[in-house]
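Structural overview
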Amino acid sequence: MIKHFYLWICASAILLSTCGDNSHEASEQYEKAVNLFEAGQYESARNAIDSIEQLYPKAFKQIKEGMLLLCKVKQKESERNLLYIDSVLKVRRSELETAKKAFRFEKDAKYQTEGNYVYNKLPKQEAITRSQLKVLVTENGQMQLASVYYGSAPLKHSSIRVTLPDKSKSKAETLAIGYDGANNYRFSNDGKYTEIVTYKDGQCSAVASLIADNTDKAITLTYLGGSRYTLALDRLTREAVKATRDLYNLMRSVDDLSREYQLNVRTLELADKQVMQLEKQQAEK
């Protein structure tokens, strides 16, 4: 009786070891992944491949086949992405070149390592003779606003606020820039005081957006951080801010798409190598 019991235990163990991998179900799941792959449903195919190892961890053959198929999914996804990104990138680059025609490129080779794009309609000024808001985009794609004060008494301002004349009194402010002699500097000459505070990208995004989205409205510019000073933002400056923000967005879009393109190139190269290696390993067995 005991002998028969041990025989039954051994037989059960053998049966479990041969059937425990659920190879039939794993094969069906793999075939499902293949069909999805061939139908171009790459995300669904990826999910089906992932589920093989999760549901059938002992189905080693199907898991290995799934690894190869997953690499092929990455190949196809990267190839598809490259085609799409390339088509969009061509359009954005064309739009960027068109937008640049409304700007002049300024660079002092003696003092500047990076030039700036300045809206064509803005006058060229050798000397500061009035309070104003300046706007530009660097050639590397950084938008900047600069609050310029020119008057008979110092303000010592460190930020600005723009306000709409509507009932809600919509407003936006830059970040405060501490006096550093660089992005925030001051000087006096012949009894006149000049202050220039420069705000970069995220420091002035809210202000630039409010101006750019309301070029048809009167906007009040207020200097903050020291003595208060206000002025009405003229139409040309409002127009320049909008055009400059549009140029900045196009430059950023082209840069982002270019990085995404190169990322997919590297992903495709890696997937190609992985497919070759896995196919070689399978052929050798």
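Refer to the structure above for everything that follows.
Residues numbered from 1 in each chain as written. Predicted model: local features only at pLDDT ≥ 70, side-chain atom pairs only at ≥ 80, totals over all residues. Heavy atoms only, no water.

**Re the overall build of the protein**
Under the convention used in this document: Secondary structure elements are defined from DSSP: runs of H or I of at least 4 residues count as helices, runs of E of at least 2 residues count as strands, and each element is numbered from the N terminus. Here the globule rule is a power law, 2.2 Å times the number of residues to the power 0.38, and the radius of gyration is based on C-alpha atoms. The contact criterion used is simple: two residues touch if any of their non-hydrogen atoms lie within 4.5 Å. The Shrake-Rupley method, run with a 1.4 Å probe sphere, supplies the accessible areas, and residue values consider only the shown protein chains as cover.
Across its full length, the protein carries six helices and 10 strands. Its C-alpha atoms give the protein a radius of gyration of 32 Å, more than 25% over the compact-globule value 19 Å for 285 residues. For the protein, the spread of C-alpha atoms along the principal axes amounts to about 115 × 45 × 40 Å. If you take every contact in the protein between residues at least 6 apart in sequence, the share linking residues at least 24 apart comes to 63%. Put simply, the protein shows about 17400 Å² of open surface, and 52% of that area lies on carbon and sulfur atoms.

**A look at the pairing of strand β10 (residues 229–233)**
Going by this rule: If DSSP finds at least two bridges between two strands, the strands pair.
Bridging between strand β9 (residues 219–224) and β10 involves five bridges; their strand directions are antiparallel. Paired with T220 across the bridge in β10 is A232. Once β9 ends, the chain turns through four residues before running back antiparallel as β10, passing G225 with a positive phi of about 105 degrees.

**What about the sheet that holds strand β7 (residues 184–189)?**
Just so we agree on the cut-off: The axes used here are C-alpha line fits, helices contributing only the stretch in contact, and every angle between their N-to-C directions lies in the interval 0 to 180 degrees.
Taken in spatial order, the six strands line up as β1-β2-β3-β4-β8-β7 in an open sheet, and their pairing is antiparallel. Where the open sheet ends on each side, the last strands, each with one partner, are β1 (103–106) and β7. Neighbouring strand axes in the sheet, compared pairwise and without regard to direction, differ in orientation by 30 degrees on average. The pairing of β1 with strand β2 (residues 116–119) spans four bridges and is classified as antiparallel. Considered in β2, the bridge of E106 is made with N116.

**A few points about the sheet that holds β10**
What the four strands build is an open sheet, ordered β6-β5-β9-β10; its pairing is antiparallel. Since the sheet does not close on itself, it has two edges, and those belong to β6 (171–173) and β10, each with one partner. Each strand axis lies, on average, 20 degrees off the axis of its neighbour in the sheet, ignoring direction. Together, β5 (159–163), β6, β9 and β10 form the strand contacts of helix α5 (residues 205–212), whose direction differs from that of β6 by roughly 145 degrees.

**Some details on unusual backbone geometry**
In most cases, non-glycine residues show a negative phi, while peptide bonds are predominantly trans. Here is the rule: With a 1.4 Å probe rolled over the protein chains alone, any residue whose accessible area is under 20% of its type maximum counts as buried; one over 50% counts as exposed, and the rest are partly exposed.
The backbone of D190 sits at a positive phi, close to 55 degrees, despite the residue not being glycine. Within the element layout of this structure, D190 appears in the loop between β7 and β8 (192–200). A residue is classified by how much of its surface remains accessible, and D190, at 73% relative accessible area, is exposed. The phi torsion at D201 lies on the positive side, around 30 degrees, for a residue other than glycine. Assignment of secondary structure puts D201 in the loop between β8 and α5. Classification of D201 by relative accessible area gives partly exposed; the value is 25%.

**What about the nonpolar core?**
In plain terms, the rule: Nine residue types can take part in a nonpolar core, namely buried Ala, Val, Leu, Ile, Met, Phe, Trp, Tyr and Cys, and a core is a set of them joined through side-chain atoms within 4.5 Å.
With 44 residues, the main nonpolar core has L145, V162, I211 and L221 as its most contacted residues. Looking at which element gives the most residues to this core, the answer is helix α6 (residues 235–284), with nine residues. The contacts of L145, once residues within four sequence positions are left out, are L133, K134, V135, V197, T198, Y199, C204, V207, A208 and V241. Counting residues in each nonpolar core, the second largest holds 14 residues, with Y30, L36, Y42 and A48 among its members.

**Things to note about the side chain of S147**
For clarity, the cut-off: Contacts described as polar in this section are N or O atom pairs within 3.5 Å, which, within protein, must combine one atom able to donate a hydrogen with one able to accept it, while residues neighboring in sequence count only if both atoms come from side chains.
Take S147: it is sitting in strand β4 (residues 143–151). Using a relative accessible area of 0% as the deciding quantity, one classes S147 as buried. A polar side-chain atom of S147 sits 2.8 Å from a polar atom in the side chain of Y199. Residues in contact with S147, not counting those within four places in the same chain, are Q132, L133, H157, I160, E195, I196, V197, Y199 and Y223.

**Observations regarding the packing of helix α2 (residues 23–38) against helix α3 (residues 42–55)**
Under the convention used in this document: Angles are sorted into four bins: roughly parallel if under 35 degrees, roughly antiparallel if over 145, roughly perpendicular if 65 to 115, and oblique for all others. Crossings are sorted by hand: turned counterclockwise from the far helix by less than a right angle, the near helix makes the crossing left-handed, and turned clockwise it makes it right-handed. Residue polarity is assigned by list, with Asp, Glu, Lys and Arg as charged and Ala, Val, Leu, Ile, Met, Phe, Trp, Tyr, Cys and Pro as nonpolar; anything else, Gly included, falls into the polar class.
Axis separation between α2 and α3 bottoms out at 8 Å; the angle between their running directions is 165 degrees. Classed by the angle they form, the pair α2 and α3 counts as roughly antiparallel. Note on packing geometry: the crossing formed by α2 with α3 is left-handed. Across the interface between the two elements, A26, Q29, Y30, A33, L36 and F37 of α2 pack against Y42, S44, A45, A48, I49, S51 and I52 of α3. Taken together, the residues of the contact of α2 with α3 break down into 10 nonpolar, three polar and no charged.

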